[in-house]
Structure formats: C-alpha cells, structure tokens
Amino acid sequence: MLSIPGDDPRTPGVQVGPVDLAARVDEALAVQALAFGLSDDEIGVRRHIVLRHLTYPGCRALGATTEAGRLVGFVYGLPNERAHWWSTVVEPHLRATGSDGWLDDSFVITELHVHPGFQARGIGRALITSITDTAAQPRSILSAIDTESPARRLYRALGYEDLARQVHFPSASKPYAVMGAPLPLRRPR
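Our subject in this report is the structure included herewith. What you see is a predicted model; the values in this text were computed from it and never measured.

Let's shift gears to unusual backbone geometry. With an omega dihedral of 0°, the bond running from L183 to P184 counts as a cis peptide bond. Among the structural elements, P184 can be located in the segment after strand 8 (176–182). One non-glycine residue, A120, adopts positive backbone phi at about 65°. One can find A120 in the loop between strand 5 (106–114) and helix 4 (123–133).

Turning our eyes to something else, we now look at the pairing of strand 3 (residues 60–66). Most of strand 3 sits inside the fold, with 6 of its 7 residues counted as buried. Pairing geometry for strand 2 (residues 14–18) and strand 3, over 5 bridges, is antiparallel. Note on strand 3: the bridge partner recorded for G17 is G63. Relative to strand 4 (residues 71–79), strand 3 runs antiparallel, the two being bridged by 6 bridges.

Rules used throughout
Residues numbered from 1 in each chain as written. Predicted model: local features only at pLDDT ≥ 70, side-chain atom pairs only at ≥ 80, totals over all residues. Heavy atoms only, no water. Helix = DSSP H or I, 4+ residues; strand = E, 2+ residues; numbered from the N terminus. Buried < 20%, exposed > 50% of the residue type's maximum accessible area, 1.4 Å probe, protein only. Pairing = 2+ DSSP bridges.

Shown next as structure tokens:
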C-alpha cells in the first residue's frame, strides 16, 4: 500500500493498493462518471466492459481509498493483445505513424480515473506508477482524449509520448490520442 497524506483538512489521506474491482465496479464507475462525465446508459455499457476485461489474463486493478474505505480513484490494465477490441481500433492509426510495434509486449492502461474532489493531489500518478511498476512488459500504452488536459500533462510528465492522434472510437464523440512510454515510468526529480 502507498499512502498519500491529505494536504487539505477537509480531505482525508488516501491509500493506493490492490482492489477487487469486480466487487467494487459500481463504486468505480461512479468515480468514472464524475471524472469523465458519463450518462447512466454509458455507465451500464461500461459496467459490462469492465467486468469482461477483468477476466482477461494478467488484468490487474488498484484502487485509491480514503481512511474510511471510500473508493476515490482506480486504475486497471493488462498485457496488450492485438486481438483485443481497443488494439483493433488503434492499430491502423499506429501503423500510419510507424508505431504499431507498440501493440506488442506492452501493458495497456485500460482505465484511470480519480474523483474530481481528489484530483491534483498525486493520486493519479500514484495509481499509474504503482500498476506499471509491477508490469512484466517493457513499455506501457494508453489512450486519452486528444486535448490538452491535466491527464495528458500527467502522462507526458511520466514519459508518455503521442504515438497517434485524432483516433476516433465508435460511439465516442471526441477524438483520442494513443500514447506510449518505456517502463519504468519517469519520476519527478
């Protein structure tokens, strides 16, 4: 477990460690809905997707919980496979930039979300570095909405670079960027 002390008297300290995401999927999706602006219909669809992903070999999840046990952030990921749906969507975009080799021998960050009231406290950084520190793969890939955002700045600070931009996922209204970084992720000096 990694402890992140609360720096605001209204915000308790947070622990980052393994979480049974299947058992806490509704809590996790409530965090994602707030952080990402999901509708109830989107939450229902994502619930099935998360539960399916958790059955894939090598899938792991970490949670960020308050001292009272409230889930305020989570990350999960798995070894990437070219046959996975996400890979089939991003592969042509990566091939066009000469980056499709990143789909092999990579740990993909499938979801990373922190409750808006707990953002900008190092929780997202702790979640992503903790999960990738134990990955057997030499690199990590992920997708993020293709706009300048705190999430994209965090990923860049950790060593992720754009591999492809303007990637359109079916049913997503905004384009995404696919990013990749060698492991271990860069740490602040």
